[in-house]
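Coordinate analysis (summary)
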Amino acid sequence: MARATPDIPNASMADIAFLLLTFFLVTTTISNDRGLSIQLPPPPEAQPPEDVKVQERNIFKVQVNSADRVLIEGEPMEDLSGLKEMIKKFVLNNGADPNSSDSPDKAIVSFKTDRGTSHKKFIEMLDICQAAYYDIYAERAGLSGSMEEMNKKFREIASDLANPANKEIYERAREGIPMQISIAEPTKVGGN
Amino acid sequence: MSKFKKKANVKQDIPTSSMPDVVFMLLFFFMVTTQLRETSIEVQQRIPEATQLRKLQRKTLVTNLYIGKPVKVEQYGEEPKIQANDTFIEPSGIGKWVNAERDKLREDEREQLTVSLKVDSEAKRGIIVDVETELRKANARKLLYNTREFSKNNR
């Protein structure tokens, strides 16, 4: 007796697969966990109120007011394209210019905003400050390529510190040049 | 002349036998990457752009705070608000929220909690600073300002 072969009709399988595919295509949100990372200072009350004397020359002042206007070292600045180079020069001054920093580990970029400053401007300025430091690190890490490529490579390395080889490069690049961007308590001219 | 004739003889079928495989591969890709959003975001989210992005490796350690003008302006007003999970919270409630988020993590990873701030471009620094102060008090000091990759057509 010839046995009936137990077939499952599979002509509709492709349709089902496409339907599922379409469903997941539509509902997918590939999460975007990328951005500017910073470390907040310890809680206000935990810090003993000590007078830290930092010499004027070691501070690079960046101020933004409630109308998103920028002051760099007390001077208004409209075109921010040269700011990154200014910060790099300031950090790597090593005492050459008496008005600029003593050494990279003493250099501090002080970034002060107002409560009315928009988040967009804040991110733009913080981005420039971090870019200056990442450029310096990338150069010291001895990566290859253009400045932009080096910077990108370095940030990829810095994002994956679980890898010991990456950690080694990262620590070597940062040796003696900590990223000291101080985000000061904002003034209260604009906003609530 | 004979050139044209030859061409006509070539078989013109595209092999379709591998199509199911391709479809299934795509299907699995999207199944794996999909995150069904359990919260709907009630505040405006036009995330600013930046160039110096850093990627976060451990997604389980990340928790989101959304800040921006409420979408339902007539109900909640024009002032930017803070959304955590499904509800609006005041800055004073952040400490409690951080602790609740910490409890979701494994015990040895609690200190590594990273707060990702998804802030609308138009929000003011004032409210963000209030949030930061509360985060400092709660000792959740790893912070990420969520941004998009900078595209060349503005700034």
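Please refer to the structure placed before this passage.
Starting from 1, residues in each chain are numbered consecutively following that chain's sequence as written. Lettering for chains starts from A, numbering for ligands starts from 1, and both go in the order in which the items are written. Given that this is a predicted model, residues contribute local features only at a pLDDT of at least 70 and side-chain atom pairs are listed and counted only at 80 or more, while totals for whole chains, interfaces and linings are drawn from all residues. Hydrogen atoms and water are omitted, and side-chain values are computed over all heavy atoms in the structure.

**Some remarks on the overall build of chain B**
Selection rule: Strands here are runs of E lasting at least two residues and helices are runs of H or I lasting at least four, both read from the DSSP assignment and numbered beginning at the N terminus. Pairs of residues are marked as contacts when any of their non-hydrogen atoms sit within 4.5 Å.
The helix and strand tally for chain B stands at five helices and eight strands. Counting from the amino terminus, chain B carries its helices and strands in the arrangement α-α-β-β-β-α-β-β-α-β-α-β-β. Taking the contacts inside chain B whose residues are at least 6 apart along the sequence as the reference set, 71% of them involve residues at least 24 apart.

**Considering the overall build of chain A**
What counts is decided by this rule: When a residue's accessible area, from a 1.4 Å probe over protein chains only, is under 20% of the maximum for its type it is buried; when over 50% it is exposed; and in between it is partly exposed.
For chain A, the count of helices and strands is five helices and six strands. Reading the helices (α) and strands (β) of chain A from amino to carboxyl end gives α-β-β-β-β-α-β-α-α-α-β. Seen through its C-alpha atoms, chain A measures out along the principal axes to roughly 105 × 45 × 40 Å. Within chain A, the fraction of its 192 residues that count as buried is 39%. Contacts in chain A between residues far apart in sequence, at least 24 positions, make up 67% of those at least 6 positions apart.

**Looking at the interface of chain A and chain B**
For clarity, the threshold we go by: As used here, buried area is the combined drop in accessible area, with a 1.4 Å probe, of two parts when they are placed together. By convention in these notes, a salt bridge is any Lys or Arg side-chain nitrogen within 4 Å of a carboxyl oxygen on Asp or Glu.
Contact residues are listed per partner, giving 53 residues for chain A and 56 residues for chain B. Summed over the three residues of chain A that lose the most area to chain B, namely Arg34, Leu40 and His119 of chain A, the buried surface amounts to 15% of that side. Where chain A packs against chain B, one counts two salt bridges. One salt bridge connects Glu149 of chain B with Arg34 of chain A, and the closest N-O pair in it is separated by 3.2 Å.

**A short note on the packing of helix α3 (residues 119-141) of chain A against helix α4 (residues 147-159) of chain A**
Axis angle and axis distance: for two packed helices, these are the angle between their axes and the distance between the axes, and together they describe the pair. Residue and element names in this part refer to chain A. Formally: Comment: axis = line fitted to C-alpha atoms, over the contacting stretch for helices; angle = value between 0 and 180 degrees taken between N-to-C directions. Angles below 35 degrees are treated as roughly parallel, those above 145 as roughly antiparallel, those between 65 and 115 as roughly perpendicular, and all remaining angles as oblique. Classification used: nonpolar for Ala, Val, Leu, Ile, Met, Phe, Trp, Tyr, Cys and Pro, charged for Asp, Glu, Lys and Arg, polar for all others including Gly.
Remark: α3 packs on α4, axes separated minimally by 8 Å, with the N-to-C direction vectors making an angle of 90 degrees. Classified by the angle their axes make, α3 and α4 are roughly perpendicular. Facing α3, whose interface residues are Ala131, Tyr134, Asp135, Tyr137, Ala138, Glu139 and Ala141, α4 presents Met147, Met150, Asn151, Phe154 and Arg155. A per-class count over the contact of α3 with α4 returns eight nonpolar, one polar and three charged.

**Focus: the packing of aromatic side chains**
Residues and elements named next belong to chain A. Where we set the bar: Ring pairs are drawn from Phe, Tyr and Trp, using the six-membered ring of Trp, whenever the two centres fall within 6.5 Å, and their geometry is named by plane angle: stacked under 30 degrees, edge-to-face over 60, tilted for the rest.
On inspection of all chains with the given rule, the structure shows 12 aromatic pairs over all chains. Measuring from ring centre to ring centre gives 6.0 Å for Phe154 and Tyr170, while their planes differ by 20 degrees; the resulting arrangement is stacked. Residue Phe154 is located in helix α4, and its partner Tyr170 is located in helix α5 (residues 164-174); the two are separated by 16 residues in the primary sequence. An aromatic cluster is present here, built from Tyr133, Tyr134, Tyr137, Phe154 and Tyr170 joined pairwise through their rings.

**Digging into the nonpolar core**
Put simply, the rule is: What is meant by a nonpolar core is a set of buried Ala, Val, Leu, Ile, Met, Phe, Trp, Tyr and Cys residues, joined one to another through side-chain atoms within 4.5 Å.
Leu83 and Phe154 of chain A together with Leu65, Leu117, Leu135 and Tyr145 of chain B are the most contacted members of the largest nonpolar core, which totals 65 residues. Ranked by residues supplied to this core, first place goes to α3 of chain A with 13 residues. Aside from chain neighbours lying at most four places away, what touches Leu83 of chain A is Phe60, Ile72, Met77, Met125 and Ile128 of chain A. Core analysis: the next-biggest nonpolar cluster, separate from the first, contains six residues, Phe24 of chain A together with Val23, Leu27 and Phe30 of chain B among them.

**Some thoughts on unusual backbone geometry**
Residues and elements named next belong to chain A. In this model, Asp68 sits at a positive phi of 65 degrees, which is unusual for a non-glycine residue. Overall, the relative accessible area of 24% leaves Asp68 in the partly exposed class. In the Ramachandran plot, Glu73 falls in the positive-phi region, its phi being about 50 degrees despite a non-glycine side chain. In this structure, Glu73 sits in the loop between β3 (70-72) and β4 (75-77).

**Brief notes about helix α2 (residues 19-33) of chain B**
To keep things clear, this is the line we draw: Multiply 1.5 Å by the residue count of a helix minus one, and that product is the helix's expected span. The arc in question is the one traced by the directions running from the helix axis out to the C-beta atoms.
Between its first and last C-alpha atoms α2 of chain B spans 21 Å; for 15 residues at 1.5 Å apiece the expected length is 21 Å, and the two agree. Inspection of α2 of chain B places Val23, Leu27 and Phe30 of chain B among the buried residues, and these make up the whole buried set. One side of α2 of chain B holds all its buried residues, which, seen down the axis, span an arc of 70 degrees. Those residues of α2 of chain B that are exposed and angled more than 90 degrees off the buried face are Asp21, Met25 and Val32 of chain B. If you follow the buried residues of α2 of chain B, they end up packed against α1 (13-27) of chain A.

**Side note on the sheet that holds strand β7 (residues 142-146) of chain B**
What links the strands of a sheet is backbone hydrogen bonding, and the strands pair in either a parallel or an antiparallel sense. Applicable threshold: For two strands to be treated as a pair, DSSP must find no fewer than two bridges joining them.
Read across the open sheet, the seven strands follow the order β2(B)-β1(A)-β7(B)-β6(B)-β3(B)-β4(B)-β5(B); overall the sheet is mixed. Each edge of the open sheet carries a strand with a single partner, namely β2 (54-55) and β5 (87-89) of chain B. Running over the sheet, helix α5 (residues 125-137) of chain B touches β3 (62-68), β4 (81-84), β6 (114-119) and β7 of chain B and is turned about 155 degrees from β7 of chain B.

**Observations concerning α4 of chain A**
Here α4 of chain A is 13 residues long and its end C-alpha atoms lie 18 Å apart, about the 18 Å a rise of 1.5 Å per residue gives. Within α4 of chain A the residues assigned to the buried category are Met150, Asn151, Phe154, Arg155, Ile157, Ala158 and Ser159 of chain A. Taken together, the buried residues of α4 of chain A touch α3 and α5 of chain A together with β2 of chain B.

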